[in-house]
Amino acid sequence: MKKHNFSAGPCILPKEVFKKASEAILDFDNSGLSLLEISHRSPAFVDVMEEARSLALELLDLKDKGYKALFLQGGASTQFLMTAYNLLENKAAYLNTGTWSDKAIKEAKLFGEVIEVASSKEKNFNYIPKSYTIPKDTDYFHCTSNNTIFGTQMKSFPNTDKPLVCDMSSDIFSRKLNFSNFDLIYAGAQKNMGPAGVTLVIIKEEILGKVTRKIPSMLDYAVHISKDSMFNTPPVYAVYVSLLTLKWIKENGGIAGMEENNNRKATLLYAEVDRNPLFKGFAEKEDRSPMNATFNLTNSGHKEAFDKLWKDAGVNGLNGHRSVGGYRASMYNALPIESVQVVVNCMKELEHKI
Ligand code: PMP
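It should be emphasised that the depicted structure is a prediction, and the values quoted were computed from it without experimental measurement.

Moving on, we get to the overall build of the protein chain. Secondary structure assignment for the protein chain yields nine helices and 14 strands. The C-alpha radius of gyration computed for the protein chain amounts to 21 Å, which stays within 12% of the reference 20 Å derived for 354 residues, consistent with globular compactness. The principal-axis extents of the C-alpha atoms in the protein chain amount to approximately 65 × 55 × 30 Å. Going through the 354 residues of the protein chain one by one, you find that 44% of them count as buried. In the protein chain, of all internal contacts separated by at least 6 residues, the share reaching a separation of at least 24 is 67%.

Rendered as C-alpha coordinates:
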(Lines give C-alpha, C1' and ligand atoms only; values in the text may rest on other atoms or scores of the structure.)
Protein backbone atom coordinates (compact mmCIF):
# COMPACT_ATOMS: atom_id res chain seq x y z
CA MET A 1 0.00 0.00 0.00
CA LYS A 2 1.31 3.48 -0.90
CA LYS A 3 2.05 5.46 2.25
CA HIS A 4 0.83 8.96 2.98
CA ASN A 5 4.22 10.58 2.70
CA PHE A 6 4.81 13.73 4.77
CA SER A 7 8.59 13.50 4.49
CA ALA A 8 10.38 16.88 4.56
CA GLY A 9 12.67 16.10 1.64
CA PRO A 10 13.48 14.09 -0.32
CA CYS A 11 9.76 13.78 -0.46
CA ILE A 12 6.70 12.77 -2.40
CA LEU A 13 6.63 13.49 -6.14
CA PRO A 14 3.61 13.02 -8.43
CA LYS A 15 2.87 9.36 -9.13
CA GLU A 16 2.77 10.07 -12.88
CA VAL A 17 6.34 11.34 -12.56
CA PHE A 18 7.48 8.20 -10.71
CA LYS A 19 5.95 6.10 -13.49
CA LYS A 20 7.49 7.98 -16.43
CA ALA A 21 10.82 8.27 -14.61
CA SER A 22 10.97 4.52 -14.08
CA GLU A 23 10.07 3.83 -17.72
CA ALA A 24 12.93 6.06 -18.90
CA ILE A 25 15.41 3.87 -17.04
CA LEU A 26 14.47 0.89 -19.19
CA ASP A 27 13.79 2.63 -22.48
CA PHE A 28 14.05 6.38 -22.94
CA ASP A 29 11.49 7.69 -25.45
CA ASN A 30 11.48 4.42 -27.45
CA SER A 31 15.14 4.92 -28.28
CA GLY A 32 16.16 1.38 -27.32
CA LEU A 33 18.47 2.96 -24.74
CA SER A 34 18.17 3.78 -21.06
CA LEU A 35 18.33 7.43 -20.10
CA LEU A 36 21.18 6.34 -17.83
CA GLU A 37 23.36 5.09 -20.68
CA ILE A 38 23.16 7.94 -23.19
CA SER A 39 25.66 10.77 -23.51
CA HIS A 40 24.72 14.04 -21.85
CA ARG A 41 25.85 15.60 -25.17
CA SER A 42 23.39 13.51 -27.18
CA PRO A 43 20.64 15.56 -28.86
CA ALA A 44 18.04 13.68 -26.79
CA PHE A 45 19.53 14.79 -23.48
CA VAL A 46 20.44 18.29 -24.66
CA ASP A 47 16.72 18.67 -25.46
CA VAL A 48 15.84 17.56 -21.93
CA MET A 49 18.19 20.11 -20.39
CA GLU A 50 16.99 22.91 -22.65
CA GLU A 51 13.33 22.17 -22.03
CA ALA A 52 13.86 21.98 -18.26
CA ARG A 53 15.70 25.33 -18.22
CA SER A 54 13.09 26.97 -20.37
CA LEU A 55 10.11 25.54 -18.49
CA ALA A 56 11.53 26.62 -15.12
CA LEU A 57 11.71 30.22 -16.39
CA GLU A 58 8.26 29.97 -18.00
CA LEU A 59 6.57 28.75 -14.81
CA LEU A 60 8.19 31.58 -12.84
CA ASP A 61 7.14 34.08 -15.54
CA LEU A 62 10.77 35.07 -16.07
CA LYS A 63 11.17 34.38 -19.78
CA ASP A 64 12.83 37.14 -21.81
CA LYS A 65 13.45 39.21 -18.69
CA GLY A 66 17.23 38.84 -18.49
CA TYR A 67 17.25 35.65 -16.42
CA LYS A 68 19.06 32.35 -16.94
CA ALA A 69 18.19 28.98 -15.38
CA LEU A 70 20.93 26.54 -14.38
CA PHE A 71 20.78 22.99 -13.06
CA LEU A 72 23.83 22.59 -10.83
CA GLN A 73 25.19 20.05 -8.38
CA GLY A 74 26.24 20.26 -4.75
CA GLY A 75 22.80 20.94 -3.27
CA ALA A 76 21.48 24.21 -1.92
CA SER A 77 24.39 24.04 0.54
CA THR A 78 26.84 24.75 -2.29
CA GLN A 79 24.73 27.80 -3.19
CA PHE A 80 25.37 29.16 0.32
CA LEU A 81 28.99 29.67 -0.72
CA MET A 82 28.55 30.13 -4.46
CA THR A 83 26.26 33.14 -4.02
CA ALA A 84 28.86 34.83 -1.81
CA TYR A 85 31.77 33.78 -4.04
CA ASN A 86 30.09 35.42 -7.05
CA LEU A 87 28.41 38.43 -5.45
CA LEU A 88 30.12 39.45 -2.22
CA GLU A 89 32.82 42.05 -2.75
CA ASN A 90 32.64 43.97 0.55
CA LYS A 91 29.50 43.51 2.57
CA ALA A 92 26.33 41.44 2.41
CA ALA A 93 23.10 41.61 4.42
CA TYR A 94 21.38 38.43 5.64
CA LEU A 95 18.07 37.79 7.37
CA ASN A 96 18.42 34.92 9.82
CA THR A 97 15.21 32.88 9.97
CA GLY A 98 16.52 29.41 10.76
CA THR A 99 19.13 26.71 10.44
CA TRP A 100 19.52 27.13 6.68
CA SER A 101 19.91 30.92 6.86
CA ASP A 102 22.43 30.37 9.63
CA LYS A 103 24.45 28.05 7.43
CA ALA A 104 24.30 30.49 4.51
CA ILE A 105 25.62 33.25 6.84
CA LYS A 106 28.48 31.04 8.02
CA GLU A 107 29.64 30.41 4.44
CA ALA A 108 29.27 34.05 3.36
CA LYS A 109 31.54 35.15 6.22
CA LEU A 110 34.41 33.42 4.41
CA PHE A 111 34.13 36.01 1.64
CA GLY A 112 33.50 39.36 3.31
CA GLU A 113 31.61 41.26 5.98
CA VAL A 114 28.17 39.88 6.79
CA ILE A 115 25.51 41.99 8.46
CA GLU A 116 22.73 39.99 10.09
CA VAL A 117 19.88 42.49 9.71
CA ALA A 118 17.56 40.56 12.05
CA SER A 119 17.21 37.12 13.57
CA SER A 120 14.45 35.12 15.26
CA LYS A 121 16.95 32.83 16.96
CA GLU A 122 15.94 33.98 20.47
CA LYS A 123 12.53 32.32 19.95
CA ASN A 124 13.92 29.20 18.29
CA PHE A 125 12.97 30.70 14.90
CA ASN A 126 9.20 30.43 15.38
CA TYR A 127 8.54 33.71 13.55
CA ILE A 128 9.83 35.87 10.70
CA PRO A 129 11.40 39.19 11.78
CA LYS A 130 9.62 42.06 10.00
CA SER A 131 11.26 45.35 10.88
CA TYR A 132 14.84 45.69 9.79
CA THR A 133 16.84 47.91 7.52
CA ILE A 134 19.14 46.83 4.76
CA PRO A 135 22.39 48.82 4.80
CA LYS A 136 22.89 51.13 1.84
CA ASP A 137 26.37 49.83 1.07
CA THR A 138 25.51 46.13 0.93
CA ASP A 139 26.32 44.08 -2.17
CA TYR A 140 23.10 42.06 -1.85
CA PHE A 141 20.40 40.92 0.57
CA HIS A 142 19.90 37.20 1.27
CA CYS A 143 16.87 35.50 2.77
CA THR A 144 15.24 32.07 3.04
CA SER A 145 11.65 32.13 1.79
CA ASN A 146 10.49 29.02 3.65
CA ASN A 147 12.06 27.55 6.76
CA THR A 148 11.68 23.82 6.32
CA ILE A 149 12.61 22.91 9.88
CA PHE A 150 10.66 25.54 11.81
CA GLY A 151 7.62 25.78 9.55
CA THR A 152 7.69 29.51 8.87
CA GLN A 153 7.40 31.29 5.55
CA MET A 154 8.11 34.85 4.44
CA LYS A 155 4.84 36.34 3.18
CA SER A 156 6.47 39.48 1.85
CA PHE A 157 9.95 40.48 0.81
CA PRO A 158 11.75 43.75 1.37
CA ASN A 159 11.59 46.46 -1.22
CA THR A 160 15.24 47.07 -1.93
CA ASP A 161 17.35 48.35 -4.79
CA LYS A 162 20.05 45.83 -3.79
CA PRO A 163 20.17 42.42 -5.50
CA LEU A 164 17.66 40.16 -3.77
CA VAL A 165 19.01 36.62 -3.27
CA CYS A 166 16.65 33.95 -1.99
CA ASP A 167 16.91 30.32 -0.94
CA MET A 168 13.55 28.91 -2.08
CA SER A 169 14.49 25.26 -1.59
CA SER A 170 11.31 24.30 0.20
CA ASP A 171 8.65 26.44 -1.45
CA ILE A 172 9.68 27.01 -5.04
CA PHE A 173 6.80 26.45 -7.51
CA SER A 174 4.35 26.32 -4.59
CA ARG A 175 2.94 29.87 -4.56
CA LYS A 176 2.58 32.91 -6.76
CA LEU A 177 5.18 35.63 -6.21
CA ASN A 178 6.49 38.38 -8.40
CA PHE A 179 9.66 36.45 -9.17
CA SER A 180 11.09 39.34 -11.15
CA ASN A 181 11.65 41.11 -7.82
CA PHE A 182 14.40 38.56 -7.17
CA ASP A 183 17.85 38.65 -8.72
CA LEU A 184 19.01 35.19 -7.73
CA ILE A 185 16.85 32.28 -6.62
CA TYR A 186 18.21 28.88 -5.71
CA ALA A 187 16.49 25.68 -4.68
CA GLY A 188 17.61 22.12 -4.06
CA ALA A 189 15.29 20.01 -6.21
CA GLN A 190 14.30 17.46 -3.59
CA LYS A 191 11.07 19.09 -2.40
CA ASN A 192 8.75 20.45 -5.07
CA MET A 193 10.86 19.81 -8.14
CA GLY A 194 12.53 16.44 -8.34
CA PRO A 195 14.94 14.01 -6.75
CA ALA A 196 18.01 14.95 -4.72
CA GLY A 197 21.14 15.62 -6.74
CA VAL A 198 20.34 18.77 -8.63
CA THR A 199 19.82 22.40 -7.67
CA LEU A 200 17.95 24.97 -9.69
CA VAL A 201 19.56 28.39 -9.87
CA ILE A 202 17.78 31.32 -11.51
CA ILE A 203 19.99 34.37 -12.07
CA LYS A 204 19.45 37.81 -13.46
CA GLU A 205 22.58 38.04 -15.57
CA GLU A 206 23.21 41.72 -14.97
CA ILE A 207 24.19 41.10 -11.30
CA LEU A 208 27.24 39.05 -12.30
CA GLY A 209 30.77 40.28 -12.99
CA LYS A 210 30.90 42.75 -10.09
CA VAL A 211 33.45 41.02 -7.85
CA THR A 212 37.20 41.28 -8.36
CA ARG A 213 38.25 37.86 -7.01
CA LYS A 214 39.04 34.95 -9.28
CA ILE A 215 36.33 32.30 -9.19
CA PRO A 216 37.07 28.60 -9.84
CA SER A 217 35.17 27.48 -12.96
CA MET A 218 32.82 25.05 -11.22
CA LEU A 219 31.75 27.76 -8.80
CA ASP A 220 31.39 30.52 -11.38
CA TYR A 221 27.82 31.22 -12.49
CA ALA A 222 29.08 32.97 -15.64
CA VAL A 223 30.94 29.80 -16.71
CA HIS A 224 27.82 27.65 -16.24
CA ILE A 225 25.72 30.19 -18.15
CA SER A 226 28.21 30.31 -21.03
CA LYS A 227 28.06 26.49 -21.27
CA ASP A 228 24.25 26.29 -21.12
CA SER A 229 24.43 24.42 -17.80
CA MET A 230 26.63 21.74 -19.40
CA PHE A 231 30.08 22.79 -18.22
CA ASN A 232 30.58 19.27 -16.93
CA THR A 233 28.42 16.15 -16.89
CA PRO A 234 25.12 17.20 -15.34
CA PRO A 235 23.11 14.82 -13.12
CA VAL A 236 21.11 13.61 -16.09
CA TYR A 237 18.53 11.57 -14.25
CA ALA A 238 17.78 14.25 -11.65
CA VAL A 239 17.39 16.84 -14.41
CA TYR A 240 15.06 14.54 -16.36
CA VAL A 241 12.84 13.83 -13.34
CA SER A 242 12.78 17.55 -12.59
CA LEU A 243 11.60 18.17 -16.16
CA LEU A 244 8.81 15.62 -15.70
CA THR A 245 7.74 17.36 -12.48
CA LEU A 246 7.83 20.81 -14.09
CA LYS A 247 5.62 19.49 -16.89
CA TRP A 248 3.24 18.05 -14.29
CA ILE A 249 3.08 21.46 -12.59
CA LYS A 250 2.28 23.12 -15.92
CA GLU A 251 -0.43 20.56 -16.74
CA ASN A 252 -2.00 21.07 -13.31
CA GLY A 253 -2.59 24.79 -13.40
CA GLY A 254 0.99 26.04 -13.07
CA ILE A 255 2.08 27.76 -9.87
CA ALA A 256 -1.42 29.21 -9.37
CA GLY A 257 -2.89 25.70 -9.43
CA MET A 258 -0.27 24.47 -6.97
CA GLU A 259 -0.94 27.39 -4.64
CA GLU A 260 -4.67 26.80 -4.58
CA ASN A 261 -4.20 23.16 -3.62
CA ASN A 262 -1.49 23.92 -1.10
CA ASN A 263 -3.70 26.49 0.62
CA ARG A 264 -6.54 24.00 0.83
CA LYS A 265 -4.28 21.40 2.45
CA ALA A 266 -2.73 23.88 4.87
CA THR A 267 -6.14 25.27 5.89
CA LEU A 268 -7.38 21.77 6.64
CA LEU A 269 -4.41 20.85 8.80
CA TYR A 270 -3.96 24.13 10.69
CA ALA A 271 -7.69 24.30 11.43
CA GLU A 272 -7.40 21.00 13.29
CA VAL A 273 -4.19 22.06 15.06
CA ASP A 274 -6.03 25.16 16.33
CA ARG A 275 -9.30 23.41 17.15
CA ASN A 276 -8.00 20.30 18.86
CA PRO A 277 -7.02 21.00 22.49
CA LEU A 278 -4.44 18.19 22.36
CA PHE A 279 -2.30 20.10 19.84
CA LYS A 280 -0.55 23.45 19.59
CA GLY A 281 1.09 25.05 16.57
CA PHE A 282 4.79 25.89 16.83
CA ALA A 283 5.12 28.84 14.43
CA GLU A 284 3.44 32.23 14.88
CA LYS A 285 0.13 32.10 12.99
CA GLU A 286 0.87 34.95 10.58
CA ASP A 287 4.14 33.30 9.53
CA ARG A 288 2.91 29.74 9.14
CA SER A 289 4.22 27.80 6.19
CA PRO A 290 1.74 25.93 3.98
CA MET A 291 4.63 23.63 3.04
CA ASN A 292 5.81 22.51 6.48
CA ALA A 293 3.32 22.62 9.34
CA THR A 294 5.01 22.28 12.73
CA PHE A 295 2.97 21.40 15.82
CA ASN A 296 3.31 19.76 19.21
CA LEU A 297 1.17 17.78 21.61
CA THR A 298 0.01 19.88 24.55
CA ASN A 299 0.70 16.84 26.74
CA SER A 300 3.70 14.81 25.64
CA GLY A 301 2.25 11.85 27.52
CA HIS A 302 0.00 11.23 24.49
CA LYS A 303 2.93 10.72 22.14
CA GLU A 304 2.86 6.95 22.11
CA ALA A 305 -0.87 6.80 21.40
CA PHE A 306 -0.73 9.43 18.65
CA ASP A 307 2.33 7.88 16.99
CA LYS A 308 0.59 4.51 16.90
CA LEU A 309 -2.51 6.06 15.33
CA TRP A 310 -0.76 7.72 12.42
CA LYS A 311 1.68 4.90 11.81
CA ASP A 312 -1.20 2.40 11.69
CA ALA A 313 -2.96 4.70 9.22
CA GLY A 314 -0.03 4.39 6.78
CA VAL A 315 1.44 7.83 7.42
CA ASN A 316 5.19 8.34 6.93
CA GLY A 317 7.54 11.11 7.98
CA LEU A 318 5.46 13.05 10.51
CA ASN A 319 8.13 13.35 13.20
CA GLY A 320 9.41 16.88 13.76
CA HIS A 321 13.02 17.87 13.24
CA ARG A 322 15.15 17.31 16.36
CA SER A 323 15.57 21.06 16.90
CA VAL A 324 11.80 21.60 17.21
CA GLY A 325 10.50 18.22 18.37
CA GLY A 326 6.83 17.36 18.04
CA TYR A 327 5.48 16.92 14.53
CA ARG A 328 6.05 18.35 11.09
CA ALA A 329 3.66 17.71 8.24
CA SER A 330 5.42 18.54 4.99
CA MET A 331 2.72 19.11 2.38
CA TYR A 332 4.60 19.66 -0.84
CA ASN A 333 2.87 20.10 -4.22
CA ALA A 334 2.50 16.39 -4.94
CA LEU A 335 0.91 15.46 -1.60
CA PRO A 336 -2.81 14.78 -2.10
CA ILE A 337 -5.32 16.43 0.24
CA GLU A 338 -6.59 12.94 1.10
CA SER A 339 -3.30 12.30 2.92
CA VAL A 340 -3.82 15.46 4.99
CA GLN A 341 -7.32 14.28 5.84
CA VAL A 342 -5.83 11.01 7.15
CA VAL A 343 -3.60 12.90 9.61
CA VAL A 344 -6.50 15.16 10.65
CA ASN A 345 -8.60 12.05 11.30
CA CYS A 346 -5.84 10.62 13.51
CA MET A 347 -5.75 13.88 15.49
CA LYS A 348 -9.53 13.71 15.99
CA GLU A 349 -9.35 10.06 16.94
CA LEU A 350 -6.75 10.79 19.60
CA GLU A 351 -9.11 13.36 21.11
CA HIS A 352 -11.97 10.83 21.22
CA LYS A 353 -9.77 8.17 22.79
CA ILE A 354 -8.56 10.36 25.62
N1 PMP B 1 17.82 25.42 2.34
C2 PMP B 1 16.63 24.94 2.75
C3 PMP B 1 15.50 25.89 2.97
C4 PMP B 1 16.49 23.56 2.98
O5 PMP B 1 15.31 23.08 3.40
C6 PMP B 1 17.59 22.71 2.77
C7 PMP B 1 17.53 21.22 2.95
N8 PMP B 1 16.42 20.67 3.39
C9 PMP B 1 18.80 23.27 2.35
C10 PMP B 1 18.87 24.63 2.13
C11 PMP B 1 20.01 22.41 2.11
O12 PMP B 1 19.85 21.73 0.93
P13 PMP B 1 20.83 20.61 0.41
O14 PMP B 1 20.69 19.45 1.31
O15 PMP B 1 20.35 20.39 -0.99
O16 PMP B 1 22.22 21.17 0.43
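Once the structure has been displayed, the description carries forward.
Quick look at the sheet that holds strand β14 (residues 327-330) now. Spatial ordering of the open sheet is given by β11-β12-β14, a layout of three strands whose pairing is antiparallel. One side of each edge strand has no neighbouring strand; the edge strands of this open sheet are β11 (279-281) and β14. Neighbour-to-neighbour, the strand axes of the sheet open up by a mean angle of 35°, direction not taken into account. Looking at chain direction, strand β12 (residues 292-297) and β14 are connected through four bridges and run antiparallel. Bridge assignment links F295 to a residue of β14, and that residue is Y327.

Let us now look at the UniProt feature "modified residue: N6-(pyridoxal phosphate)lysine" (unreviewed entry) in the protein chain. Taken from the UniProt record, the annotation "modified residue: N6-(pyridoxal phosphate)lysine" (unreviewed entry) applies to K191. Mapped onto the elements, K191 comes out in the loop between β9 (184-188) and β10 (199-204). On the neighbour-count criterion, K191 (31 C-beta atoms within 10 Å) is buried. Setting aside residues no more than four positions away along its own chain, K191 makes contact with G9, C11, S169, S170 and Y332.

Here we come to the pairing of β10. A large share of β10 lies buried, amounting to five of its six residues. Summarising the sheet, strand β2 (residues 67-72) and β10 pair through six bridges and their orientation is antiparallel. Paired with A69 across the bridge in β10 is I202. Of the strand pairs in this sheet, β9 and β10 are connected by five bridges, and their pairing is antiparallel. Residue pairing for β10: L184 is matched across the bridge by I203.

Now for the site of the ligand. Looking at the ligand, the residues that line it are G9, G75, A76, S77, W100, T144, T148, D167, S169, S170 and G188. The biggest single contributor to the shell around the ligand is helix α3 (residues 75-87), with three residues. Grouping the amino acids of the shell around the ligand by side-chain chemistry returns two nonpolar, eight polar and one charged.

Moving on, we get to the domain arrangement of the protein chain. Partitioning the protein chain into domains gives domain 1 (15-251) and domain 2 (255-353). Computed over C-alpha atoms only, the centres of domain 1 and domain 2 are separated by 28 Å. On the side of domain 2, 21 residues touch domain 1, which itself brings 22 residues to the contact. Elements that contribute at least two residues to the side of domain 1 that touches domain 2 include exactly β6 (146-147) and β7 (152-153). For the side of domain 1 that touches domain 2, the residue count by class is seven nonpolar, eleven polar and four charged.

As a further point, take the packing of helix α2 (residues 43-59) against helix α6 (residues 236-251). Angle between the axes and distance between the axes are the two parameters that describe a pair of packed helices. Orientation of α2 relative to α6, taken along the N-to-C sense of each, is 45°, at an axis distance of 9 Å. Accordingly, the angle class assigned to the pair α2 and α6 is oblique. Taken as a pair, α2 and α6 cross one another with a handedness that is left-handed. In contact with F45, V48, M49, E51, A52, L55, A56 and L59 of α2, α6 contributes V236, V239, Y240, S242, L243, L246, K247, I249 and K250.

This part covers helix α4 (residues 99-108). Residue pairs spaced three or four apart in an α-helix point in one direction, given the helix's 3.6 residues per turn. W100, S101, A104, I105 and A108 are the residues of α4 that are buried. Viewed end-on, α4 has its buried residues packed into an arc of 145°, placing them on one side of the element. Along its buried surface, α4 packs onto α3, β3 (91-96), β4 (113-119), β5 (141-144), β6 and β8 (164-167).

Criteria and cut-off values
Residues numbered from 1 in each chain as written. Predicted model: local features only at pLDDT ≥ 70, side-chain atom pairs only at ≥ 80, totals over all residues. Helix = DSSP H or I, 4+ residues; strand = E, 2+ residues; numbered from the N terminus. Rg over C-alpha atoms; globule rule 2.2 N^0.38 Å. Buried ≥ 20, exposed ≤ 12 C-beta atoms within 10 Å, placed from the backbone. Contact = placed C-beta atoms within 7 Å. Pairing = 2+ DSSP bridges. Axes fitted to C-alpha atoms, helices over the stretch in contact; angles between N-to-C directions. UniProt positions renumbered as here; feature names shortened; annotations may be inferred. Near = placed C-beta within 6 Å. Nonpolar A, V, L, I, M, F, W, Y, C, P; charged D, E, K, R; others polar. Domains from an automatic or database assignment. Parallel < 35°, antiparallel > 145°, perpendicular 65-115°, else oblique. Left-handed = near helix turned anticlockwise from the far one by under 90°. Arc of directions from axis to C-beta.

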